[in-house]
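# Descriptive analysis of the structure
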Amino acid sequence: MSKEKISDSVSVLIELIEVSIHCILYARKIYPEGIFELKKKYNVPVHVSIYPKLNSYINGTLNAVKSLLKLKKLCRLDVCFYNKIGVVVERFVFNIRNVELELNLSDFSNLRDPYLIKLEQMLRAFCLKLTVSDSLLKPLPSSCTFQIHIHTTETTFIEIQKDSEEFPLIPSEKKDTILTSPAIVPMRSIDCEHLNLEIYAEEGNKDEDPDLFTPSPLV
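Structural notes, computed from the coordinates. (Residues numbered from 1 in each chain as written. Predicted model: local features only at pLDDT ≥ 70, side-chain atom pairs only at ≥ 80, totals over all residues. Heavy atoms only, no water.)

One way to say it: the disulfide is the covalent bond shared by the sulfur atoms of two cysteines. Enumeration over the complete set of coordinates arrives at 0 disulfides. With no disulfide of its own, Cys-23 lies closest to Cys-127 among cysteine sulfurs, the gap being 5.0 Å. (Disulfide = S-S within 2.5 Å.)

Listed below in structure tokens is the structure:
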């Protein structure tokens, strides 16, 4: 792998988030299996959506994420699932701690992972963890929907809005992000020179709503 590619941490993270969203949607079974096809990422098979409208939403979100990463203004990204009355029942959280936009490559020999071997191993392990995430979590409710939430500052939101006319970002209402007393299910931490992030899932409290985790007919 070339030294130029090593410094492109934004592209690495964007690809990871993109692959993760597709894997999560497939694993959580809110869409028919027929809209996904198998592809190989990080040398493991993953399911990727071929549904144009869904992919357009994901790609539009990722373009905004890319802008925020370059500004170093992305705090976290959530993939939120809602039951049929619009209550958050589960979310996958990507807590972005650090993304190095430009590494100092002058002393190549002192890099911990100069050829991204360890990073690729971590990404592969994370993808494998996502493929079995349905066994770690309760089945989602019937008629479940999802949204992707991007956490940034109000000033940055206004700044990137002017470049997002084809895919306008909409501020979330407080009720769209509240998940009361969630149980946390760790997924993976990725820590290297290029990236430092923590990925975990949060499940809602079924005691607050007896129908919260009624199995979906697709399960």
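Let's shift gears to the packing of helix α2 (residues 9–27) against helix α4 (residues 117–131). Contact pair α2 / α4: the axes reach a minimum separation of 9 Å and the direction vectors enclose 15 degrees. For the element pair α2 / α4, the angle class is roughly parallel. Along this stretch, α2 crosses α4, giving a crossing that reads as right-handed. Of the residues in α4, those in contact with Val-12, Leu-16, Val-19, Ser-20, Cys-23, Ile-24 and Ala-27 of α2 are Leu-119, Leu-123, Phe-126, Cys-127 and Leu-130. Residues of the contact of α2 with α4, tallied by class, amount to 11 nonpolar, 1 polar and no charged. (Axes fitted to C-alpha atoms, helices over the stretch in contact; angles between N-to-C directions. Helix = DSSP H or I, 4+ residues; strand = E, 2+ residues; numbered from the N terminus. Parallel < 35°, antiparallel > 145°, perpendicular 65-115°, else oblique. Left-handed = near helix turned anticlockwise from the far one by under 90°. Contact = heavy atoms within 4.5 Å. Nonpolar A, V, L, I, M, F, W, Y, C, P; charged D, E, K, R; others polar.)

Tracing the chain through its elements places Ser-20 in helix α2. Counting along the chain gives 106 residues from Ser-20 to Phe-126, while the straight-line C-alpha distance between them is 8.6 Å. If near-sequence neighbours (up to four positions away) are discounted, Ser-20 is found in contact with Phe-94, Phe-126 and Leu-130.

Within the largest apolar cluster, 52 residues are counted, with the highest numbers of intra-cluster contacts made by Leu-13, Leu-25, Val-79, Phe-81, Phe-92, Phe-94 and Leu-197. For this core, the leading source of residues is α2, giving 11 residues. Sequence-distant contacts of Phe-92, that is, excluding residues within four places in its chain, are made with Ile-24, Arg-28, Leu-77, Asp-78, Val-79, Phe-81, Leu-130, Ser-133, Leu-137, Met-187, Tyr-200 and Ala-201. (Core = buried A, V, L, I, M, F, W, Y, C linked by side-chain atoms within 4.5 Å. Buried < 20%, exposed > 50% of the residue type's maximum accessible area, 1.4 Å probe, protein only.)

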